[in-house]
Amino acid sequence: MDYITHILIIIGIYVILAKSLNLIMGFSGLISVAHSAFYGIGAYVSALMTLKYESSFFVTLLCVIVINSLLGIILIIPSFKVEKQYFLFITFAFQVIVFNTLNNWIELTGGAMGISGIPPLVLINWKILSRYEYLLLIGVFVFIICLVCGLIVKSPFNRVLKAIREDEVLALTLGKNIIIYKMTIFAIGSSIAGIAGILYAHYISFIDPGSFTVMESIFIISIVIIGGAGSYWGPVLGAILLVLFPEILRFIGFPSSIAANLRQILYGVLLVTFIMWKPQGLIGSYKFFLRNAK
Amino acid sequence: MSQIFVNTLISASFFIVIGLALSLIYRAVKFFDMSLAGIFVAGPYCMLFFYNSLCIPLFFALIFSCLLSSIIYYVIYFAIYKRFEHNAHSPLSLLLASFGIYIILQNVISIIFGDRIMTIRNIHIQEGILLGGAMLTPIQLIAILYSIIFVFIVLIIMHKTKYGLCLRTIGENFPLAQSLGVSVKKTIVITYLTVGIFVSLLGIIYAYDVDIVPTMGMNIIMMGIIVMIIGGNGIMKIIIAGIILSLAINLGAWYIGSEWKEVIAFAILLFYLLMQPRASHKAVN
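Our subject in this report is the structure included herewith. (Residues numbered from 1 in each chain as written. Chains lettered and ligands numbered in written order. Predicted model: local features only at pLDDT ≥ 70, side-chain atom pairs only at ≥ 80, totals over all residues. Heavy atoms only, no water.)

**Considerations on the overall build of chain B**
Along its length, chain B carries 12 helices and 2 strands. Its helices and strands in sequence order give chain B the pattern α-α-α-α-β-β-α-α-α-α-α-α-α-α, from N to C terminus. Along the longest, intermediate and shortest principal axes, the C-alpha atoms of chain B span 55 × 45 × 35 Å. Classification of the 285 residues of chain B by burial places 56% in the buried group. If you take every contact in chain B between residues at least 6 apart in sequence, the share linking residues at least 24 apart comes to 77%. Of the roughly 12,300 Å² that chain B leaves accessible, carbon and sulfur atoms contribute 71%. Where the 15 positive side-chain charges of chain B centre and where its 9 negative ones centre are 17 Å apart. (Helix = DSSP H or I, 4+ residues; strand = E, 2+ residues; numbered from the N terminus. Buried < 20%, exposed > 50% of the residue type's maximum accessible area, 1.4 Å probe, protein only. Contact = heavy atoms within 4.5 Å. Areas by Shrake-Rupley, 256 points an atom, 1.4 Å probe, with all protein chains shown as cover. Lys, Arg positive; Asp, Glu negative; His and termini not counted. Charge placed at Lys NZ, Arg CZ, Asp CG, Glu CD.)

**Overview of the overall build of chain A**
Of the regular secondary structure elements, chain A holds 12 helices and 4 strands. Since a compact globule built from 294 residues should have a radius of gyration of about 19 Å, the 19 Å found for chain A is in line with a globular shape. Taking the principal axes of its C-alpha atoms as reference, chain A extends roughly 55 × 45 × 35 Å. Scored against the burial criterion, the 294 residues of chain A give a buried share of 57%. Across chain A, contacts joining residues at least 24 apart in sequence account for 77% of those joining residues at least 6 apart. Put simply, chain A shows about 12,000 Å² of open surface, and 70% of that area lies on carbon and sulfur atoms. The centroid of the 18 positive side-chain charges in chain A is displaced by 11 Å from the centroid of its 11 negative side-chain charges. (Rg over C-alpha atoms; globule rule 2.2 N^0.38 Å.)

**Structural notes on empty space enclosed by the protein**
This model, assessed by the stated rule, comprises 3 cavities of 30 Å³ or more. There is about 80 Å³ of room inside the largest cavity. As for the largest cavity, its lining consists of B:Leu24, B:Phe150, B:Ile153, B:Val154, B:Ile157, B:Tyr163, B:Thr191, B:Thr194, B:Val195 and B:Phe198. Mapped by element, the contributors of at least two residues to the lining of the largest cavity are helix H5 (138–160) and helix H8 (184–210) of chain B. Residue composition of the lining of the largest cavity, grouped by class: 8 nonpolar, 2 polar and no charged. Put simply, the second largest cavity is a space of about 50 Å³. If you go around the second largest cavity, the residues you meet are A:Lys19, A:Asn22, A:Leu23, A:Phe27, A:Cys149, A:Val153, A:Gly230, A:Ser231 and A:Tyr232. (1 Å grid on protein atoms, 1.4 Å probe; cavity = no way out; pocket = protein on both sides within 12 Å on 5 of 7 lines; lining within 4 Å. Points joined across faces, edges and corners; volume = space filled by probe spheres on them. Nonpolar A, V, L, I, M, F, W, Y, C, P; charged D, E, K, R; others polar.)

**What about the interface of chain A and chain B?**
At the interface, 41 residues of chain A touch 53 residues of chain B. Both faces considered, chain A and chain B share a buried interface measuring about 4,200 Å² in area, 75% of it formed by carbon and sulfur atoms. When the buried area of chain A at its contact with chain B is split by residue, A:Gln85, A:Tyr86 and A:Phe89 rank highest and sum to 18% of it. Applying the counting criterion to the chain A and chain B interface returns 0 salt bridges. Taken together, the links from chain A to chain B amount to 3 residue pairs in polar contact (both at pLDDT 80 or more). Of all the secondary-structure elements, those providing two or more residues to the side of chain A that touches chain B are helix H4 (84–104), helix H10 (214–227) and helix H12 (256–277) of chain A. (Buried area = accessible area lost by both parts, 1.4 Å probe. Salt bridge = Lys/Arg side-chain N within 4 Å of Asp/Glu carboxyl O. Polar contact = N/O pair within 3.5 Å; in protein donor to acceptor, adjacent residues only side chain to side chain.)

**Things to note about the environment of A:Phe80**
Tracing the backbone shows A:Phe80 in the loop between helix H3 (57–76) and H4. Along the sequence, A:Phe80 and A:Lys182 sit 102 residues apart, while their C-alpha atoms lie 9.4 Å from each other.

**Section: the packing of helix H2 (residues 36–53) of chain B against H8(B)**
All names here are of chain B. For the pair H2 and H8, interaxial distance at closest approach is 7 Å and the crossing angle is 65°. Seen along the crossing, H2 lies across H8 with a hand that is right-handed. Between H2 and H8, the contacting residues are Leu36, Ile39, Phe40, Gly43, Pro44, Met47 and Tyr51 on the first element and Val195, Gly196, Val199, Ser200, Leu202, Gly203, Ile204, Tyr206, Ala207 and Tyr208 on the second. (Axes fitted to C-alpha atoms, helices over the stretch in contact; angles between N-to-C directions. Left-handed = near helix turned anticlockwise from the far one by under 90°.)

**Here's the deal with helix H9 (residues 178–204) of chain A**
Residues and elements named next belong to chain A. Its 27 residues place the ends of H9 39 Å apart at the C-alpha level, agreeing with the 39 Å of an ideal helix rising 1.5 Å per residue. Of all 27 residues making up H9, 21 are buried, and the element is well covered by its neighbours. Looking one or two places after H9, you find serine 205, whose phi comes out positive at around 65°. (Expected span 1.5 Å × (residues − 1).)

**Quick notes on the packing of H2(B) against helix H4 (residues 91–113) of chain B**
All names here are of chain B. It is at 9 Å that the axes of H2 and H4 come closest, and there the two elements cross at 20°. Considered as vectors, H2 and H4 are oriented roughly parallel to each other. Note on packing geometry: the crossing formed by H2 with H4 is left-handed. In this structure, H2 uses Ala37, Gly38, Ile39, Val41, Ala42, Tyr45, Leu48 and Phe49 to contact H4, whose residues at the interface are Tyr102, Leu105, Ile109 and Phe113. (Parallel < 35°, antiparallel > 145°, perpendicular 65-115°, else oblique.)

**Concerning unusual backbone geometry**
Residue and element names in this part refer to chain A. In the Ramachandran plot, glutamate 54 falls in the positive-phi region, its phi being about 50° despite a non-glycine side chain. Relative to the helices and strands, glutamate 54 is located in the loop between helix H2 (35–53) and H3. Phi is positive for isoleucine 124, which is not a glycine, with a value near 55°. Within the element layout of this structure, isoleucine 124 appears in the loop between strand S2 (122–123) and strand S3 (126–127).

**Observations concerning H8(B)**
Taking 1.5 Å per residue as the helical rise, H8(B) with its 27 residues ought to reach 39 Å, and the 38 Å between its terminal C-alpha atoms agrees with that figure. After H8(B) finishes, the residue B:Asp211 shows a positive phi value of roughly 70°.

**Section: the side chain of B:Gln140**
As for its placement among the helices and strands, B:Gln140 is situated in helix H5. Judged by relative accessible area, which is 15%, B:Gln140 ranks as buried.

Here it is, written out as structure tokens:
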């Protein structure tokens, strides 16, 4: 039962990550490979604040939202100057810089050894100790984030973003400030990724830079693409499938030495397959990768 | 200081070859092909198989390794990228698909050969050459000479051959090249096969210098992409960008530590793209 609870918690964390990336990819049409960096910043800021300053959950949450929002806004600025291919490399550069900083700034982050002994979350007087309590907490967060995303999808804000995604010049001629809209959605997406980082750090109680690599970003991108970029339920379905599918390999009985490699191959194959033959994902309608996507 | 200069030359030689190879591919297919990182790694592992496992003589093992890697690269184009042409996919989709292909290649190599660091050196370790107070190993000298030869070959191909003219035309204006009867398919196939051979050979030289691990390709390809973005499409500009990047990395490593090399390289890329009014147009035009 503990195993199932653990899998559900991991699915919950990836639903939050995929939902947040979907806001960026699905609504602005940009691909960011820096999502894992924002996830990592959330985890490290939370771990350090809790261990060094014993700060409360809500203070940590506020700090992570502010830091990630600011970094997200800074990162989106070059997208107004360069093409989408180049923006992907800008996010790649940000991802590498964050990863190397976490890995090399040993005095602060513990370097490759990471940070261990991260205490459980305390919400007012509720100390979350058991896996079931974590599952409940993550369930609440998934619900709130899905609600926020739902509100964004139904709002006029989303319609403007879709207009920007389809035709930036047209959106400009309609008098829409595309800079503000893109900055807002990137800040929201990055902040939500940071929240996933907080939940992950306190659940696992140990973090190291290896959990926040560019491959992790590609995995989150795969979830969004396979589920369906721009759709409401697509990232949820993608997260469930991509977290559960490798678990099947465990039961088939592949040696653990090659299981990780097989899992990566599976993600790679699915990514290429969906980009080629089903760019709208499993339940999406927006054909993300076509030149004249509808 | 002379050692920094020599180290700059060594790393610049790798960056320039990769930057030029990526530039050739970009001219042909208009996207940054990340799967080239897999070919860079496939070369040394083929060498490990032919030379160390099958004990084939060095010269033939080199030829077989480069040919096999090149064929793998062509198969990737034929089986995957070529199909994208019919579906009006954006370059972004090809770029992301190439990431996926790189992940597949890297992990297939990991399953076959293992994740640990391996060596293809079963020759006697030779003493380094002293060059103005700096040490240089024979294989590093070969890397520098190889990059010089590669640059000359690219210059000759691009400016003196019909294929080079076709590739330049495709790079400048793809639809116009097609309508003027330029053999687009043939040019792309030649580009993939040629780049596959040269990059896998570079991978083998790199492996003789620093040993091999399945994940070694991504870092060097990213350096090549930085060189290509900063240098644009001009061959001489790519060479200058390669030298500047290499110098910045080596000077940075000297002053703040070698563990920050990647951060320096990517900070340069970020700074460059932030400072450009429309940086993207450089590589396209």
